[in-house]
Each structure stands twice: as structure tokens, then as C-alpha cells.
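The residues making up each chain are set out below.
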Amino acid sequence: MVGYNIKNSSELASYINYTNLNNMITEGEMREFLEKAKELNFNSVVVSPTYVPLAKEVLDGTDIKIGSVVGFPLGFEDSETKKAEAIALVESGADEIEMVLNLSHLKDEKYSLIEDEIKQIKEAIGDNILKVIIETKALEDYEKANAAKAAEIAGADYVKTSTGFMTPNHIYENVNDINIFQKHAPKIKIEIFGGINDYKNANQIITAGADKLGSDQGYEIVKRYKDLRENTQVTPKPITLTKKD
């Protein structure tokens, strides 16, 4: 796989949604996470609803967007509950909403219910970004295609591959998912989450066509890349040219 040519660490960070959905994190630890996000200027942070107001406070004055989750992590809440959660998150400062698809509806092929739920939430949050998490690890390829198509029809901005609560996909599974989305829902944007823990993985996913990467290791990925490509100092040895006799 030919790699996409990332120009610098700033460009790499612009692809990454730095994520921390630890349900036992303290406020002090969350502040530290958010300061790391500021240091490297990620595209966004994704935090639990509890910490959206804090993220808004700490990231004020930056271009970093704030994302949070609805119906997380199982997605089996009713549509009205999900919509109310989404509205509350936007009111508290979230720019991006990540809703978990109702997998029972998907397994039963109740696409009209899926589309109606997504449409309701998108209309409720207006111009804010809506991402639909479909948990591809639990799905057959045809189910992934139908989920992405439903999300596109209903007006979602992104389809996202995972909540992070299942075993991460292998790189080839992620690329397969991207191919499916591009073929069956060509207008929707794609975010890959899970299994991205170094620059090589990130570069492969970008090359394959993902629009964004979600990772709880975003800081480590960008920092290592920055240290390797931008902070390496090499002092050349002096060269003395002598004339041969």
C-alpha cells in the first residue's frame, strides 16, 4: 500500500479525533488530556457528556472541535431519548455528536426506523456534525453497506466504525470497511476508530480513504511522529578536503 504523504505533524493531527471516554477519569486527568490536545491541536476531542462543559472551557480560543456521544455504547435507547441527549450536548458546548446505531433494527432490516432516528437527531442539532457509529466488528459486509446507506440517506455527516468496546479491527478489515462505504454510500464521510496506535497504521488508513481517525492514542501517535520527523537534530561532521601529493 503506497503511503499518503503527510507533510508534518500538524497535518497528521488534523486527521485525528483525540478520544477519551474513560468512565472513571477524574477531572484533573481530563484537564491533562485536554491540555495535551491543545499542545498538538487535534481536529477534535471526543469526551463523555460529563466533560463537555470542561472541554469547552479548556479549549476556548482554539480551533479544536468538541465531540461527545449519544446512546453510548449499545445504541438501544429509544429515538426520543437519543434526540434529547443530542440537544443537551449541543447546548452544553458540543460541536459533533456521535450516535450509536440501533443494531437490533439493523439485524431486523428495519431501515425506515434507522433512517427516521438519524434524521430526527440531525434535524435537532442543526449544522452540528452528526456521526453514526455502526460497530462494524459485529456486522456482515452487507449489513455495513446497508447501515452506511441508511445513514447517508438520512443526512448524517459521517459513518464511524466502532465505539471502541469491541476488539479493534485489523488494518485489512478497516480498509475493507472503507471500500464498502465508498461503494455503497459514496457521499458520506468516513471515520475509522480502533486499532490505530502508531503513525504507520494512521498513514495506511488515510491512504485507504478515511476522512478522519479516532484514537485514544492520538497524542502518542503525533508526538512520536513529530520527534522523528521534526525534532531530530543531526550535526554533520566537518569535512576537510586535502590535496593529494
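This text goes with the structure placed above it.
Residues numbered from 1 in each chain as written. Predicted model: local features only at pLDDT ≥ 70, side-chain atom pairs only at ≥ 80, totals over all residues. Heavy atoms only, no water.

## Section: the pairing of strand 8 (residues 212–215)
To keep it simple, the criterion reads: Burial classes: relative accessible area under 20% of the type maximum marks a residue as buried, over 50% as exposed, and values in between as partly exposed (1.4 Å probe, protein chains only). The helix count covers DSSP runs of H or I at least four residues long, the strand count covers runs of E at least two residues long, and both are numbered beginning at the N terminus. For two strands to pair, DSSP has to find at least two bridges joining them. The handedness of a crossover follows from its direction of travel: if, with the strands pointing away from the viewer, the path from the first strand over the helix to the second runs clockwise, the crossover is right-handed.
Alternating residues of strand 8 divide into K212 and G214 and L213 and S215, and every residue in both groups is buried. Where strand 1 (residues 16–20) lies against strand 8, three bridges are found, and the strand directions are parallel. In the strand pairing of strand 8, N17 is matched with G214. In this structure, strand 7 (residues 189–193) lies alongside strand 8, joined through three bridges in parallel fashion. Bridge pairing in strand 8 links I192 to L213. The β-α-β motif built from strand 7, the intervening helix 9 (residues 199–208) and the parallel element strand 8 has right-handed crossover chirality.

## Thoughts on the pattern of salt bridges
Pairing of side chains with opposite charge becomes possible as their charged atoms draw close. The cut-off we apply is this: Just to be clear on terms, a salt bridge is a Lys or Arg side-chain nitrogen sitting within 4 Å of an Asp or Glu carboxyl oxygen.
Using the criterion set out here, one finds 15 salt bridges in the structure. Of the charged contacts in the structure, one is a salt bridge between D177 and K144, with a shortest N-O distance of 2.8 Å. A residue pair is termed long-range when its members are at least 10 positions apart, and D177 in helix 8 (residues 171–184) and K144 in helix 7 (residues 141–154) qualify at 33 residues. Ionic contacts of the salt-bridge type, sharing partners, join the residues E96, E98, K131, K160 and E191 into one network.

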